[in-house]
Amino acid sequence: MQSPHVQIDAAIGGNVKVPSILDPVSYTESRKDEVCQMLRNMTNTTHQRKLMHQSLPTHMRRRAMSYEVRRLPRRFRTVHAAQFSKSGVSEKKKRPSRKYRRKPNNLLKEYERRKRAFVWLETHVWHAKRFHMTSRWGYKIPLTPCNKSYRSSYRATSKHCLLYDLSYEGCVEVCGEEGLLKEGFRRLCSERVGLTMAAKAYTGGQRAGYAWLYEDGAYPYNCLGKVRFVWRPSVQEDGEERRTVWMFAHPTFYRQLVEQLVKVFELKNALRKTNDTIEDITRNPADIRCPRYRSKSSGVELVELKDTLNRFHLTGPLSHATIVNTFRLFNPPTHVTQPSNRTWFNDFMENTPKYKKILTQQSTYWTDVKDLTSPGELSPGEVIALLVQDPRLNRPNRRTKALPDAPAPRYNFTHGIPPEVVQQPRAIRNFSPVWDETIRKRISEQMKTTHELNQLRSSETLVPGELCVAETHLQPLPILLLQTPGSQDADYKRLGYGSGWDIILPAGYGLAVWHSFVMWGAKAVGQQEQDMIALESGCDRSGVPDSQLGRYEAVRKHKDAWSRYFKKPNNKRVNYTKLAIASPFRCPWTQLVREWTPEGTERPYFVLRDQEALAKLKLALDRKFNIHSIGLPPDALVPVLLTLKTRGNPGDNAIICLPNRTDFRTNKQNRLASIYSPVYVEPLRKDPHGTERHVLRAQHLRTLKRLRNRRIREKKRLQRANPGTLVRIPKANNRALVEEQLKRMAELWLPATPATVRNQCSRECFGYVTQGGFSLSEGTVNGIGYVTAKGLVKLFKICTKGTVKVLVRGTRTRGYRFATIRVAC
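Residues numbered from 1 in each chain as written. Predicted model: local features only at pLDDT ≥ 70, side-chain atom pairs only at ≥ 80, totals over all residues. Heavy atoms only, no water.

Enquirer: What am I meant to see in the pairing of strand β21 (residues 654-657) here?
Expert: Within a regular beta strand, the side chains point alternately toward one face of the sheet and then the other, so they alternate between its two faces. On β21, burial covers both faces: A654 and I656 on one face and I655 and C657 on the other are all buried. Note that β21 and strand β23 (residues 765-775) share four bridges and pair antiparallel. Paired with C657 across the two strands is C765, which belongs to β23. Pairing of β21 with strand β25 (residues 805-809) involves three bridges; the strand directions are antiparallel. Within β25, the residue paired with C657 across the bridge is L807. (Buried < 20%, exposed > 50% of the residue type's maximum accessible area, 1.4 Å probe, protein only. Helix = DSSP H or I, 4+ residues; strand = E, 2+ residues; numbered from the N terminus. Pairing = 2+ DSSP bridges.)

Structure, rendered in C-alpha cells:
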C-alpha cells in the first residue's frame, strides 16, 4: 500500500516524495525572478501590442478603464499616459455638462427671441428655475413650485408671509380735472355695487380700493372685471388742479378697459393720426412703449403704463415685518453732493423743496406703524409712500424669517392712541416721486446692475460686510404700499385673514426686491396657490361667470379637460351620460338661466352684485326677511358659498340641486344612525348612443384599413413597373377623415348643446360650483358657486324651516350630499 505522501512521476518514473509543509519564504524567493520578469514585460512598450489596461490580470480589469485613466491602479497610470502620447491619440477630456451644452452662444439674444411670443416678467428667470411655468394671457407666469407647496402656502397666509408677482396686471394712468374724471368713472361703475372710483373715501389718495367696471352705461350687463385703483394725492386745495388715477387691470380685459376709457372721455391718439373708430384709435405700433391718448377740449389724458411697473403682492401677518426688514428708509445727505455722485433725488429736491418736509413726515409715520404685528391692524386700503435705500444693501447672508419687534405697551388698550399718530396729515403720506414718469424712467436707466455692484464691492470694500464708498451713493428707490384688507366677516372667516400689502415700484428693480423678500422669509407661490387662497378666503377671482377673466378661464379649462378626455381610450373614459351629467367640463350658464326664466328670453345673464339686494338676501337666509320682497331679477346669478355637512369632495363644476322632502328624512335618519353615505344616489342611466358609437368606430376602422390596403397595392404595382428602384408613395391624407370621425364621436359622447340642463338628473339643477375643495382653515369641504335667482326662490319654498340646504353632486359620482349656503357679498 502506497503512502499518501508518495506520488508517481510519469516523466521520470519511480516514486517521488512531496513535502507536507510549504515554506512561504523560500517559495517567495523562488518566484521572485518570475514576478520581476512579468513586471519588466508589462512596463516595456517596445514590442508590446496591448495597452496597459488590456495587460492587467482578468480580476483587475474594469470596463471603465478604457476611457477613464483614474480607474487604473496608480502605478500603471504613467505607462498608460505614455502609450497614448506615442500613439498620437489625445486623451479624452471630461464631457461637458448638459447645461453647458444647451447654453446658447449669446444668452441675452436667446432670451429676447423667446420673449416675442409671451412677455416675461422681471422675475421670470428666477421662477423658471424653481417653478412649473405656463403660458397665460400673453405672459409666462409661474404655475406652481416644483416642491410641495399646498399646506405650506396656507401656513404662510395664516402665520407667515406669502409672495406673488402681480406685474402682469397692466396699469392705466388717467389725468385730468377731478370733476371730469369722476363723471367719467361713474359711467363705468355703479353705486349699487359699492363704493365707486369717484367715492370721497378714495379721491383724497389716502386709500386704494377695488371696483367692478362695466361697459359704458351697460350695468348690470357686460361686466369687464375688477380693478385695483389709487388716486394720486393732492397737496393743494385748488379744486381745478389736475388729478391722476392709476388702475391695475387683468390682461384679459386690459384692452377693453382702454377702449372704454377712450370712448367715455372722447380721446384721440396723441402719437399718430387715426380714424374715428375706437379700434383704430387704440391700435399702436409695437415700438411705442407707452401709448398716449388726449382730448384737446377737456384736457383729459390717458397713458398706458403696461409692463413699466412692478407690483408684488404679500399676504400674511408677517408681510408687514417682511417689508420693514427689506426696506430701510433713505436718509438724505446733509452735505453737498459731488457732481459725479448726483442722482435723480438731488434734482427732485431742488425742483420740489417741500418734499424734504413731506419726507420727514412720511418717515415719522412709518416709524410709528412699523412695529405692527399684522397689516390687518391698519385702515383698509391705506396707501403709504416711502423713499428707501437700494434693497440690495439690506439683504441677509442667509435666508432669515422677518419677525415683528412690537413693544408690549403698544397693545395696552387702557392707554389712548398716541397723539402724534392722529395728527399726521394723511394727504402727504402718499406723495411720492414714483408718480412722475420722467423720474421712473431715470431710475430705471441709472440703476446699477448686480454685476456692477459686485465689481465695485470687490474693488472698494476694505472691511467685509461694511458698505463701500460706491454703495453709499446709490440712488434711493421710491415705492408705494397699498394695504389689502383681509376678511371683514368674522362669522365666516377670522378677521384679518388674507390681509397684506401690494408693493408698486419702478421697472428694473423687480428682481432685486424679489430676492430681498425671499431672503427675508417670504414664500413665493404660483397661480395654483393663488386659487387655493381664493377658496380659503371665499373670494372668487378667476371664475366669475360674467367677467372677461371668468369667460376666458372657462373656455381654457373646458378645452384642456375635453382634450384630455378624448385622448383616453374608450374603456378609460367616464360615461357622463350614464351618470346624468350634461356638461362635466364647463358650466352652461346661458342655457341654465334661459331654462329657469319664465319667458325663456335670450337676455344675457349677469352676476348679482347689488349690495342692498345681497344684504336682504343674507337676512332672508337667516329667516329675518321675506325673499319675495327683494325682487330678484330672473336673469341674475347669485354668488354663494357652500359648506358640505358630511364627507365627500365634489370638486369643480359640481351641480347644485334642489332637495326633496324625502332627502330631508333620509338625512335625519342617517344623522341619528351616524351614517355618512349620500342622502340619495342617482340611478344609473342607459346610454342611447352606445350602440351607434360602436358601429361608427367599426366602420371607421374598416375604412382606414381599406385605405391602407389600397396604398399597399398601389406601391406593389409601382414596384413591379419599376424594378430595381426604390418606390416611395405619399403619406396617407386621412386628416380630414379622422377629424370628422372625432367630431361625430365627441357629439355622441358629450353633446355640445345638451337637451336640458335644469332637468338633467332626478333632482332639479339650479346652479354650479365653480371652485371647490378642502379648506384647511375651516377643516371642511367648501365651494364657491352661483345659483339662479328663480331657483333660489323655489329653494325657500322647499326649506320652510331650519337651515337652508342644497344638494351637491360631483361630476364623477352619483351620490348627492347636503351643503349649507351663504351669500358671498
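Enquirer: In this structure, what is going on with the packing of aromatic side chains? I would like to understand it.
Expert: What characterises a pair of aromatic rings is the spacing of the ring centres plus the angle enclosed by the ring planes. Inspection of the entire model under this criterion finds 32 aromatic pairs. Ring centres 6.5 Å apart and planes at 40° place the aromatic pair Y154 and Y497 in the tilted group. With Y154 in helix α7 (residues 150-158) and Y497 in the loop between β16 (477-484) and β17 (500-506), this pair connects stretches of sequence that are 343 residues apart. Here the aromatic residues W126, F131, F312, F327, W514 and F517 are joined through ring pairs into a cluster of three or more. Between the NZ or CZ atom of K140 and the centre of the ring of F118, over which it lies, the distance is 5.5 Å. (Phe/Tyr/Trp six-rings, centres within 6.5 Å; stacked < 30°, edge-to-face > 60°. Lys NZ or Arg CZ within 6 Å of the ring centre and 35° of its normal.)

Enquirer: What is the right way to look at unusual backbone geometry in this model?
Expert: What is expected of a backbone is that most residues other than glycine have negative phi and most peptide bonds are trans. In this chain, Y219 is followed by P220 through a cis amide linkage whose omega measures 5°. Structurally, the position occupied by P220 is in the loop between β8 (208-214) and β9 (223-231). Residue A580 is not a glycine yet carries a positive backbone phi of 60°. Structurally, the position occupied by A580 is in the loop between α20 (548-567) and α21 (589-596). For S674, which is not a glycine, the phi torsion comes out positive at approximately 55°.

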